[in-house]
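Listed below, chain by chain, are the residues.
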Amino acid sequence: MKLLVVCGNGLGSSFMVEMNVKKVLTELGIDAEVSHTDLATSKTELADYYIGSRDIIMNLDDGNRKIIPLTNLMDQQELKEALQKHLQEG
């Protein structure tokens, strides 16, 4: 499984969220590849799930991609709950 963390520029915030996603996945016992990128690049990258702030990630919602929108990128509890919900739904 591949998860792609997306932000406007693909630098600081997406890298921090990537680290938090890896931490949560470890806690949940889920094995997945996690990387980060900018919005423009993410439109051409394949992933099982795309994670990012609600305002940015909604640009990827084409009806086919599985997106995980977050209200607060730094809220680890929100991230954990979102990952549990989406990854368990499959």
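Provided above is the structure to which this section pertains.
Described below are features of the structure shown in this document. (Residues numbered from 1 in each chain as written. Predicted model: local features only at pLDDT ≥ 70, side-chain atom pairs only at ≥ 80, totals over all residues. Heavy atoms only, no water.)

### Examining the overall build of the protein chain
Counting its secondary structure elements, the protein chain contains 4 helices and 4 strands. Starting at the N terminus and walking to the C terminus, you meet the elements of the protein chain as β-α-β-α-β-α-β-α. For the protein chain, the C-alpha radius of gyration of 12 Å lies close to 12 Å, the compact-globule estimate for 90 residues. Here the C-alpha coordinates of the protein chain stretch approximately 30 × 25 × 20 Å along the principal axes. Each of the 90 residues in the protein chain was classed as buried or not, and the buried ones make up 42%. (Helix = DSSP H or I, 4+ residues; strand = E, 2+ residues; numbered from the N terminus. Rg over C-alpha atoms; globule rule 2.2 N^0.38 Å. Buried < 20%, exposed > 50% of the residue type's maximum accessible area, 1.4 Å probe, protein only.)

### Topic: the nonpolar core
Counting residues in hydrophobic clusters, the biggest one holds 16 residues, and the most contacted among them are Leu3, Val21, Leu25, Ile51, Ile68, Leu70 and Leu83. Filtering out sequence-adjacent residues up to four positions away, Val21 remains in contact with Leu3, Val5, Val34, Ile51, Leu79 and Leu83. Listed in part, the 8 residues of the second largest apolar core include Val6, Tyr50, Ile57 and Ile67. (Core = buried A, V, L, I, M, F, W, Y, C linked by side-chain atoms within 4.5 Å. Contact = heavy atoms within 4.5 Å.)

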